[in-house]
Amino acid sequence: MLKLIQLAGQWLFLRVERLFNHAFGEENNPLYHLGQISFFLFWIVLISGLYLYIFFKTGVEEAYASVEQLTLEQRYVGGVMRSLHRYASDGMVLSMLLHLGRHFFFDHYRSFRWFSWVSGVVLLWLVYVSGINGYMLPWDRLAQFVTVGTAEWLDWLPIFNGALIRNFIFEGAVNDRLFSLFSFMHIGLPLGVLALLWIHTQRVPAAKTNPPRPLMAWLTASLVVLSLVKPALSQGPANLAVAPTTLELDWFYLPIFPLFYRWSVGEVWLLVGSATALFFVLPWLPPKLRHHKGAFHLMIRPDNRIVAAREGETLLESALRDGIAFPFDCRNGGCGKCKCTIAYGKVDYGIYQNEMLSSEERAAGQALACCATPLSDVELEYVPAAPLGGIAVKRHRAQIVSLDRLTDDVMRVHMKLLGEEELRYYAGQYINILLPDGEKRSFSFATAPHERGPLELQIRHIPGGKFTTHVFTTMKVGDIVDFEGPLGSFFLREDSAKPMIFVAGATGFAPVKSMLEHAFHIGMKRKMILYWGVRSLKDLYLPDLPRQWATEHPNFSFVPVLSEPKPEDRWTGRTGLVHGAIIEDYPDLSAYQLYACGSAGMVEAAHPAFAEHGLSQDDCFSDAFKLAPHVARQGEHAVLVSLGGGGGSGHA
Amino acid sequence: MPKALRYLAQAVLYAAFVAVIGYFSTAPRYEHLPADEALIKLSFSHAGERKEACRERTPEELAKLAPNMRAQTVCPRERVPVRVEIVLDDQPLFHVLAAPSGLAKDGASTVYRRAPVPAGTHRIGARLSDVPSGEFNRAGDVTVELKPGHVLVIDFDGQTGKFVFRS
């Protein structure tokens with residue numbers, strides 16, 4: 001039944017939204033900004049309310065008279081402000097209800113979203129209380145009806161038990177202090193609404209609280225026109241000796257009041273209490289017994305960040321929650337700005353406007369991140385809207401100036417940029433080498449950004465790999481290569497004072513070298529420890545460089561770790577897995593920052609182990625390439641190695 | 001869609017939005033009380049007599065108490081519920097038995113009832129019981145001309161022991 005209601009609601013919303021897309025465009029479609037519109041209308045209510053407060057007088061006679069004076073004698077200022085105050089309040093209720101309805105119909109209120117849902121329900125009630133309180137202030141016949149009705153309603157409660165209505169039983173029973181109380185409440189309650197609005201958006205990553213400017217302009221203009229065409233007016237002064245007979249009721253705020261006199265007050269309490277309770281528990285209805293989907297992980301490129309996705313969370317929400325600058329706008333599958341490519345894994349594509357994602361695009365592995373939820377570990381790639389540090393990703397051309405074979409399978413490549421353009425990048429970022437057939441191969445900068453010489457790459461040979469085989473066999477000095485960059489968000493964080501541990505696996509040393517040389521260059525005094533893990537001694541392809549750093553910089557130390565030392569290595573240093581050595585040396589990692597760059601296997605094993613030893617997720621930066629933690633490997637040589645050099649990579 | 005047409009469509013949709021707001025902010029009109037009716041409200045707050053009369057403690061009872069607690073007279077706190085009946089033109093309108101408030105049932109009994117009645121001249125009788133015997137020991141009556149929409153409040157003044165009819 002619930003599902004049927006939701007399907008019907010989805011059908012309706014999608015069709016109306018499509019219609020609105022034609023008129024407003026996807027970016028300015030009000031139905032994609034309902035929460036933001038509610039927020040904006042609240043600001044109109046607040047500003048117009050402050051204006052009204054200047055002229056409002058708190059007295060039995062003065063309350064009505066001052067509002068009348070404001071409405072009639074300041075027709076085009078006070079009158080408009082009063083009307084704006086009322087109509088923006090009504091619009092706020094309307095947009096909040098639509099906002100709530102959309103989330104309900106699209107099933108966006110369960111799991112981690114319960115917080116926003118429950119706080120939203122509290123918010124809605126508080127807005128109602130504020131609005132009802134506001135209708136008491138002008139002390140006209142509607143105010144009398146609302147005040148008496150509220151007292152009669154509350155008097156049902158044992159705590160009042162008929163005592164509250166005694167304050168409004170005779171003409172002359174109310175005094176000036178009542179209006180001071182009403183005014184005080186009408187300031188305090190909206191402040192509560194504002195605080196709750198802030199709380200309500202806390203768990204929404206990258207929550208926007210302002211609609212697009214054209215929407216704001218249209219909304220304001222429309223409400224001003226309405227205020228001029230149909231100004232909000234009082235309905236005659238209150239007189240407690242005479243009951244209001246016919247009233248112009250605001251049905252957005254006061255629909256419950258007629259029920260007081262059609263049903264018993266107890267029945268209305270039952271209705272309101274039941275509805276509130278139902279709304280509160282809705283995120284857990286129907287209860288799911290032993291439901292456990294398990295959390296999936298996302299590998300998000302080009303940032304190369306591994307993000308844990310919560311149950312029911314869309315790809316976009318996971319990315320935004322982790323601080324990734326994923327492009328988005330409508331969040332409702334209506335604009336296509338968050339379109340991404342699923343490189344690995346399964347997703348539920350969700351509900352979206354079909355024009356935004358054609359079946360061909362879907363077949364080609366594309367998805368709308370704002371609607372798609374992971375059904376397995378997922379690797380995805382998006383096109384960044386804004387590059388890191390404002391450094392634009394550009395296409396460059398370079399010439400090979402040297403090729404040094406450091407070991408049997410590691411080549412140091414120096415290449416010089418052609419043209420006068422300078423390449424700016426962050427230490428730790430990478431480039432994509434563009435192959436003639438359109439394919440790309442990723443390698444990290446091994447040079448620090450401040451160095452003016454040729455760019456250095458450290459490339460490991462992958463047997464059968466198209467590009468690395470070319471590097472080791474046919475590439476020669478003078479060859480031209482095209483590449484794009486800089487890319488990635490794996491870079492040295494300079495805004496922390498924590499000591500840093502660098503974990504390099506094989507050619508993962510390349511970006512670490514770039515970061516360390518940058519750190520030395522800027523005179524960074526933080527403690528830095530490099531753990532370089534390789535199989536055997538011959539794989540430690542630049543052993544003297546970190547040792548030299550250690551002698552030159554007292555805040556730096558170097559720990560090489562061999563996992564499979566050969567007898568001829570006569571190795572007396574650390575052995576085993578590199579992350580094991582780190583945990584042995586630093587059992588409590590809570591006070592450290594950690595930069596890990598290496599094979600998928602290394603990062604996959606290290607990440608949970610580090611977390612168990614207190615490493616905060618915010619202090620763990622990794623650059624494992626083509627990796628999601630639970631992605632099954634399709635062979636010993638498939639998709640395994642680091643960005644920092646490509647050795648063993650499927651991108652070879 | 002051409003730009004001009006889009007703007008026109010937007011204007012129409014925004015107009016529809018504010019039209020909905022403008023309409024439902026005052027309409028449809030709500031008839032709270034039919035034009036030919038008046039309203040009678042019964043509202044008072046009055047404490048009934050104590051359920052048990054005050055009595056003098058015996059010397060034995062006093063001896064058992066701490067010296068600072070030896071008050072001669074002891075008065076049980078609980079009060080009787082207040083019973084009230086209102087008759088409109090010889091027809092019963094309200095009959096309420098109001099329990100005393102408070103955990104110890106020692107507070108005032110509060111009553112609130114409302115009833116729409118046809119406008120016109122009415123004879124109203126009221127009687128109230130606030131004594132342990134349950135007999136109606138207070139009474140009052142009045143003949144009033146109730147205009148359409150007017151409110152007649154029936155109150156009870158505990159100090160004078162009389163009903164007050166206010167319109």
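Residues numbered from 1 in each chain as written. Chains lettered and ligands numbered in written order. Predicted model: local features only at pLDDT ≥ 70, side-chain atom pairs only at ≥ 80, totals over all residues.

### What to know about the overall build of chain A
On a plain count of helices and strands, chain A comes out with 17 helices and 20 strands. Its C-alpha radius of gyration of 33 Å places chain A more than 25% over the 26 Å reference for a compact globule of 652 residues. With respect to the principal axes defined by its C-alpha atoms, chain A has extents near 105 × 50 × 50 Å. Looking at the 652 residues of chain A, the share that counts as buried comes to 44%. Taking as baseline every contact in chain A between residues at least 6 positions apart, the subset at least 24 positions apart corresponds to 72%. (Helix = DSSP H or I, 4+ residues; strand = E, 2+ residues; numbered from the N terminus. Rg over C-alpha atoms; globule rule 2.2 N^0.38 Å. Buried ≥ 20, exposed ≤ 12 C-beta atoms within 10 Å, placed from the backbone. Contact = placed C-beta atoms within 7 Å.)

### Considerations on the domain arrangement of chain B
The accessible area lost on association of the parts is a frequent measure of interface size. Segmenting chain B into domains produces domain 1 (1–30) and domain 2 (37–50 + 80–166). Relative to domain 2 of chain B, the C-alpha centre of domain 1 of chain B lies at a distance of 52 Å. (Domains from an automatic or database assignment.)

### Thoughts on the sheet that holds strand β19 (residues 593–597) of chain A
Residues and elements named next belong to chain A. With respect to topology, six strands assemble into an open sheet ordered β18-β17-β16-β15-β19-β20, the strand pairing being parallel. This sheet does not close on itself; its edge strands, each paired only once, are β18 (574–575) and β20 (620–622). Of the strand pairs in this sheet, strand β16 (residues 528–534) and strand β17 (residues 556–562) are connected by seven bridges, and their pairing is parallel. By the bridge assignment, Ile529 is partnered in β17 with Ser557. Most of the contacts of helix α14 (residues 509–521) go to β16, to which it runs at about 165 degrees, and overall it touches β15 (500–505), β16 and β19. On the sheet, helix α15 (residues 544–552) packs against β16 and β17 and is oriented at approximately 150 degrees with respect to β17. (Pairing = 2+ DSSP bridges. Axes fitted to C-alpha atoms, helices over the stretch in contact; angles between N-to-C directions.)

### Some words on the interface of chain A and chain B
In this assembly, 36 residues from chain A lie in contact with 34 residues from chain B. Where the side of chain A that touches chain B is concerned, the elements lending two or more residues are α1 (2–24), α4 (78–105), α8 (213–229) and β1 (246–247) of chain A. Per-class residue counts for the side of chain A that touches chain B are 22 nonpolar, seven polar and seven charged. Bridging between β1 of chain A and strand β1 (residues 30–31) of chain B involves two bridges; their strand directions are antiparallel. Along β1 of chain B, the bridge assignment pairs Thr246 of chain A with Glu31 of chain B. (Nonpolar A, V, L, I, M, F, W, Y, C, P; charged D, E, K, R; others polar.)

### A few points about the confidence of the model for chain B
Residue and element names in this part refer to chain B. When pLDDT is averaged along chain B, the result is 94, and 100% of the positions lie at 70 or above. Mean pLDDT across the elements of chain B ranges from a minimum in strand β4 (residues 73–74), with 90, to a maximum in strand β5 (residues 82–88), with 97. Predicted as a complex, the structure gets a pTM of 0.73 and an ipTM equal to 0.92. (pLDDT = per-residue confidence, 0-100.)

### With respect to the sheet that holds strand β11 (residues 162–166) of chain B
Residues and elements named next belong to chain B. Within the open sheet, the four strands sit side by side as β7-β2-β10-β11. Their pairing is mixed. What marks the edges here is a single partner per strand, and that holds for β7 (109–118) and β11. Neighbouring strand axes in the sheet, compared pairwise and without regard to direction, differ in orientation by 15 degrees on average. Sheet analysis places strand β10 (residues 151–157) next to β11, joined by five bridges and oriented antiparallel. If you follow Ile154 over to β11, its bridge partner there is Phe165.

### Some remarks on the pairing of β5 of chain B
All names here are of chain B. The sheet contact formed by β5 and strand β6 (residues 91–98) spans seven bridges and is antiparallel. Looking at β6, one finds that Glu85 is bridged to His95. In the sheet, β5 pairs with strand β8 (residues 120–129) via six bridges, with the strands oriented antiparallel. Across the sheet, the residue bridging to Val84 is Leu128, located in β8.

### What about the confidence of the model for chain A?
It should be kept in mind that the predicted coordinates are not to be read in detail where pLDDT is low. Residue and element names in this part refer to chain A. With 93% of its residues at a pLDDT of 70 or more, chain A shows a mean pLDDT of 88. Confidence, expressed as mean pLDDT per element, reaches its minimum in chain A at β20 with 77 and its maximum at α4 with 97. Within the model, the stretch residues 625–652 combines pLDDT values under 50 with 108 contacts to residues more than four positions away or in other chains.

### Quick look at the nonpolar core
Residues and elements named next belong to chain A. One finds Leu316, Leu368 and Ala369 to be the most contacted residues of the largest nonpolar core, which totals 116 residues. Not counting chain neighbours up to four residues away, the residues in contact with Ala369 comprise Thr314, Leu315, Leu316, Ala319, Phe326, Cys338, Cys340 and Tyr382. Core analysis: the second largest hydrophobic core is formed by 66 residues, Ala398, Tyr430, Ala510 and Val603 among them. (Core = buried A, V, L, I, M, F, W, Y, C linked by C-beta atoms within 7 Å.)

### Some remarks on the domain arrangement of chain A
Residue and element names in this part refer to chain A. The domain boundaries assigned to chain A delineate domain 1 (33–239), domain 2 (296–381), domain 3 (388–487) and domain 4 (500–622). The C-alpha-based centres of domain 3 and domain 4 are spaced at 23 Å. On the side of domain 4, 15 residues touch domain 3, which itself brings 15 residues to the contact. In terms of residue count, the dominant contributor to the side of domain 3 that touches domain 4 is strand β13 (residues 455–460) (three residues).

### Structural notes on the packing of helix α5 (residues 114–136) of chain A against helix α6 (residues 141–154) of chain A
Residue and element names in this part refer to chain A. Viewed as axis vectors pointing N to C, α5 and α6 meet at an angle of 125 degrees, and their least axial separation amounts to 7 Å. The pairing of α5 with α6 is recorded here as oblique in orientation. Of the residues in α6, those touching α5 at Ile132, Tyr135 and Met136 are Leu142, Ala143, Val146, Thr147 and Thr150. Of the residues in the contact of α5 with α6, the class split is six nonpolar, two polar and no charged. (Parallel < 35°, antiparallel > 145°, perpendicular 65-115°, else oblique.)

### Regarding helix α3 (residues 60–73) of chain A
Residue and element names in this part refer to chain A. Look at α3: 20 Å from first C-alpha to last across 14 residues, which is about the 20 Å you get at 1.5 Å a residue. Restricting attention to buried positions, one finds in α3 the residues Ala63, Tyr64, Ser66, Val67, Leu70 and Thr71. Seen end-on, α3 carries its buried residues on one side only, within an arc spanning 165 degrees. In α3, those exposed residues whose orientation departs by more than 90 degrees from the buried face are Glu61 and Glu73. Elements in contact with the buried residues of α3: α2 (34–55), α4 and α7 (176–200). (Expected span 1.5 Å × (residues − 1). Arc of directions from axis to C-beta.)

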